[in-house]
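Architecture and fold: a report
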Amino acid sequence: MQQLVPTRHLFGPGPCNPYPEATAALGLPLLGHLDPEFIARMDRTCDGLRTLWGTANARTLPLSATGSAGMEAAFVNTITPGDVAIIAVNGLFGERMCEVASRVGAEVVRVDHEYGTPVDAERVAAAHPNPKVIAAVHAETSTGVLSDMAALGAIKDDALLIADAVTSIGGMPVLADEWGIDIGYAGTQKCIGVAPGLAPFTISDRAFEQRVQKPQSWYLDLGLLGGYTTGGSGGQRTYHHTAPVGMVASLEAGIDRILAEGLDAVTERHRAAGTALQEGLQEMGLELFAAEGHRLPQLTTVKVPDGVDSAAVRKYLLERYTIEIGGGVGQYASTVWRIGLMGPNANQDSVALILAALKDAIAVNS
Ligand code: PLP
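Here we summarise the structure given alongside this text. (Residues numbered from 1 in each chain as written. Predicted model: local features only at pLDDT ≥ 70, side-chain atom pairs only at ≥ 80, totals over all residues. Heavy atoms only, no water.)

**Describing the site of the ligand**
- By nearness alone, 13 residues border the ligand, and Thr66, Ser68, Thr141, Asp164 and Lys190 come closest of all.
- Lys190 places a polar side-chain atom, nitrogen or oxygen, 2.8 Å from an oxygen atom of the ligand.
- Contact with the protein chains hides 88% of the accessible area of the ligand, taken as 380 Å² for the molecule alone.
- Elements with a contribution of two residues or more to the shell around the ligand: helix H3 (67-76) and helix H4 (92-103).
- Of the residues in the shell around the ligand, the class split is 4 nonpolar, 6 polar and 3 charged. (Near = heavy atom within 4 Å. Polar contact = N/O pair within 3.5 Å; in protein donor to acceptor, adjacent residues only side chain to side chain. Areas by Shrake-Rupley, 256 points an atom, 1.4 Å probe, with all protein chains shown as cover. Helix = DSSP H or I, 4+ residues; strand = E, 2+ residues; numbered from the N terminus. Nonpolar A, V, L, I, M, F, W, Y, C, P; charged D, E, K, R; others polar.)

**Quick word on the pattern of salt bridges**
- Tallied over the entire structure, the rule returns 18 salt bridges.
- For Arg257, the salt bridge goes to Glu261, with nearest N and O atoms at 2.8 Å. Pair noted here: Arg257 and Glu261 are both in helix H10 (residues 245-261), with a separation of 4 residues, about one helical turn.
- Glu261 sits in the partly exposed class, given a relative accessible area of 27%.
- The closest approach of N and O atoms between Lys303 and Glu287, which form a salt bridge, is 2.9 Å. (Salt bridge = Lys/Arg side-chain N within 4 Å of Asp/Glu carboxyl O. Buried < 20%, exposed > 50% of the residue type's maximum accessible area, 1.4 Å probe, protein only.)

**Here's the deal with the packing of aromatic side chains**
- Under the criterion given, the structure shown has 3 aromatic pairs.
- Through a chain of ring-to-ring contacts, the aromatic side chains of Tyr115, Phe289 and Tyr332 assemble into a single cluster.
- One Lys or Arg, Arg211, reaches over the ring of Phe208 and ends 4.0 Å from the middle of that ring. (Phe/Tyr/Trp six-rings, centres within 6.5 Å; stacked < 30°, edge-to-face > 60°. Lys NZ or Arg CZ within 6 Å of the ring centre and 35° of its normal.)

Remember that the coordinates give geometry; whether it matters functionally is a separate question.
Structure (structure tokens):
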């Protein structure tokens, strides 16, 4: 028998605490993955994802793997060796895109930005005259920065625009069709408020028609996955892999929860909580890391004050308050904290709890 662990307040960069509805769905009796009831639920889930993605794309589905597999699927289905991929890098996940794209043989044209600043669409446009794809992270979890995907859509020309919406979807507007996003991938564990394990994914008809015909990955071949959710060309659902039925049920419940509240209301709840946290941190004399005007409400980056042991503060928060916050990434590992207010955690009670606990933790550990 496993020992009970104390409930955590997951205020790190992810996962967040799931919505209770999503957790409850994980405990429901399992359906077979070809049961008509499950198939109907998968259809509903894909419909809900279309709403979250702001798209009419027929090919919108939860890939059976985490957000990084969404990234892999995006590149493996679009790139053949030698194709040019312009990748805007302003944090860890842009870096990861470069690694993934180069492994499928892309000629990667990196457009580096200072960490903490947003992607500059003009610099991206000037980087290469004829790219096959342009890729960027909408909400950089490693730095707490929001970038303007619509601006990239406006300059993409014939290129396919790949957007990482792992940290944005479900917490702020993502308007794939309006912004010109051809391929988007996300995760379940951030603002959608479900446990990690699925990668909500969408691809436009235009991108699908240009896809690599026999990509290196069988599992992530979007041509084969068509029949998995959409019923394929004959309308007949085909076996591709055993769907993670429990996770899909949980995702369905999480999406239902978000849509019942309303996307605008959910966005406003994240905005209000993030703003209050950022104001409260500044009132405590702390300095925010991300550039003003480009800060994510759902993921706040704050500089560790001089003389304070970052790791000791995080350990204290966990042991004294069962609160998890994140450290920084790469060269900022010990000089930045990352505080997430995502999904059900995006509320004023969480803000008050974090501010009080952090104040105590800093006082004790400086
Ligand atoms: N992209 C972004 C912006 C992320 O924040 C993450 C995870 O935190 C990923 C990609 C990778 O997702 P996963 O860890 O679910 O594979």
